Amino acid sequence: MSDILSRLADTLEARKQADSTSSYVAKLYAKGLDTILKKIGEEATETIVAAKNGDRQQIVYETADLWFHCMVMLASQGVRPEEVLDELARREGLSGLAEKAARSEQ
């Protein structure tokens, strides 16, 4: 499952060198982190609306947009998706309440 995330991360990394007039992602990078984060907010809202409407196809479509823009943010910060997947794997089997409590103790 993570193969697509790894390939996408490689593509997003390559887009850092692309001309912003020829690549949507390069344009996002050129506009900076605030623009990327704003786009994540917009996509999160659209995902919420799709879920509230119960439209399965729209939920998938909007979640893909949200994940994509989160991946752009990760790449802009030099974070690979494997790092996020490793963190999810670390949390597997842990109680969410226990994991959150452990974070607040740090």
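The residue count restarts for each chain, going from 1 along the sequence in the order it is written. Residue-level local features of this predicted model are given only where pLDDT is at least 70; pairs of side-chain atoms are given and counted only at 80 or more, and the full residue set underlies all totals for whole chains, interfaces and linings. Only hydrogens and water are set aside; all other atoms, that is, all heavy atoms of the structure, feed into the side-chain values.

- As annotated in an unreviewed UniProt entry, the protein chain is Phosphoribosyl-ATP pyrophosphatase from Sulfuricella denitrificans.
- Per UniProt, the comment on the protein chain under Catalytic activity (unreviewed entry) is "1-(5-phospho-beta-D-ribosyl)-ATP + H2O = 1-(5-phospho-beta-D-ribosyl)-5'-AMP + diphosphate + H(+)". UniProt positions are given in the numbering used here, feature names are shortened, and annotations may be inferred rather than shown by experiment.

**Points about the packing of helix H2 (residues 24-31) against helix H3 (residues 33-53)**
Phase 1: Between N-to-C directions, angles span 0 to 180 degrees; the directions come from axes that are lines fitted to C-alpha atoms, helices contributing only their stretch in contact. Secondary structure elements are taken from DSSP: a helix is a run of H or I of four residues or more, a strand is a run of E of two residues or more, and numbering for both begins at the N terminus. Packing of H2 against H3 leaves a shortest axis separation of 5 Å and a crossing angle of 120°. Considered as vectors, H2 and H3 are oriented oblique to each other. Every residue of H3 that contacts H2 at Tyr-24, Leu-28, Tyr-29 and Lys-31 is listed here: Thr-35, Ile-36 and Lys-39.
Phase 2: The classification used treats Ala, Val, Leu, Ile, Met, Phe, Trp, Tyr, Cys and Pro as nonpolar, Asp, Glu, Lys and Arg as charged, and all other residues, Gly among them, as polar. Considering only residue class, the contact of H2 with H3 consists of four nonpolar, one polar and two charged. Angular relationships are summarised with four words: roughly parallel below 35 degrees, roughly antiparallel beyond 145, roughly perpendicular across 65 to 115, and oblique for the angles in between. In this description, contact between two residues means that some pair of their heavy atoms is separated by no more than 4.5 Å.

**Focus: the side chain of Ser-23**
Phase 1: Structurally, Ser-23 can be placed in the loop between helix H1 (2-15) and H2.
Phase 2: Under the scheme applied here, a residue whose accessible area is under 20% of the maximum for its type counts as buried, over 50% as exposed, and between as partly exposed, the area being computed with a 1.4 Å probe on protein chains only. The exposure class of Ser-23 is buried, given its relative accessible area of 11%.
Phase 3: The contacts of Ser-23, once residues within four sequence positions are left out, are Arg-15 and Ala-18.

**Focus on the nonpolar core**
Phase 1: Definition used in this section: a nonpolar core is a set of buried Ala, Val, Leu, Ile, Met, Phe, Trp, Tyr and Cys residues joined via side-chain atoms within 4.5 Å. Ala-9, Leu-12, Val-25, Leu-28, Tyr-29, Ile-36, Ile-40, Leu-66, Met-71, Val-72, Leu-74 and Ala-75 together form the largest nonpolar core, which totals 12 residues.
Phase 2: For this core, the secondary structure elements donating two or more residues are H1, H2, H3 and helix H4 (56-76).
Phase 3: Considering each element in turn, this core owes the most residues, five residues, to H4.
Phase 4: Not counting the four nearest positions on each side in its chain, Leu-66 is found in contact with Ile-40, Glu-43, Ala-44 and Thr-47.

**What to know about the packing of H2 against H4**
For any two helices packed against each other, the geometry comes down to the angle between their axes and how far apart the axes lie.
Phase 1: With their axes 11 Å apart at the nearest point, H2 and H4 run at an angle of 55° to one another. Classified by the angle between their axes, H2 and H4 sit oblique to one another. When the axes of H2 and H4 are compared, the crossing they make is right-handed. Taking contact as the criterion, the partners of Tyr-24, Val-25, Leu-28 and Tyr-29 in H2 are, on H4, Phe-68, His-69, Val-72, Ala-75 and Ser-76.
Phase 2: By residue class, the composition of the contact of H2 with H4 is seven nonpolar, two polar and no charged. Two helices crossing with the near one rotated counterclockwise from the far one by less than a right angle form a left-handed crossing, whereas a clockwise rotation gives a right-handed crossing.

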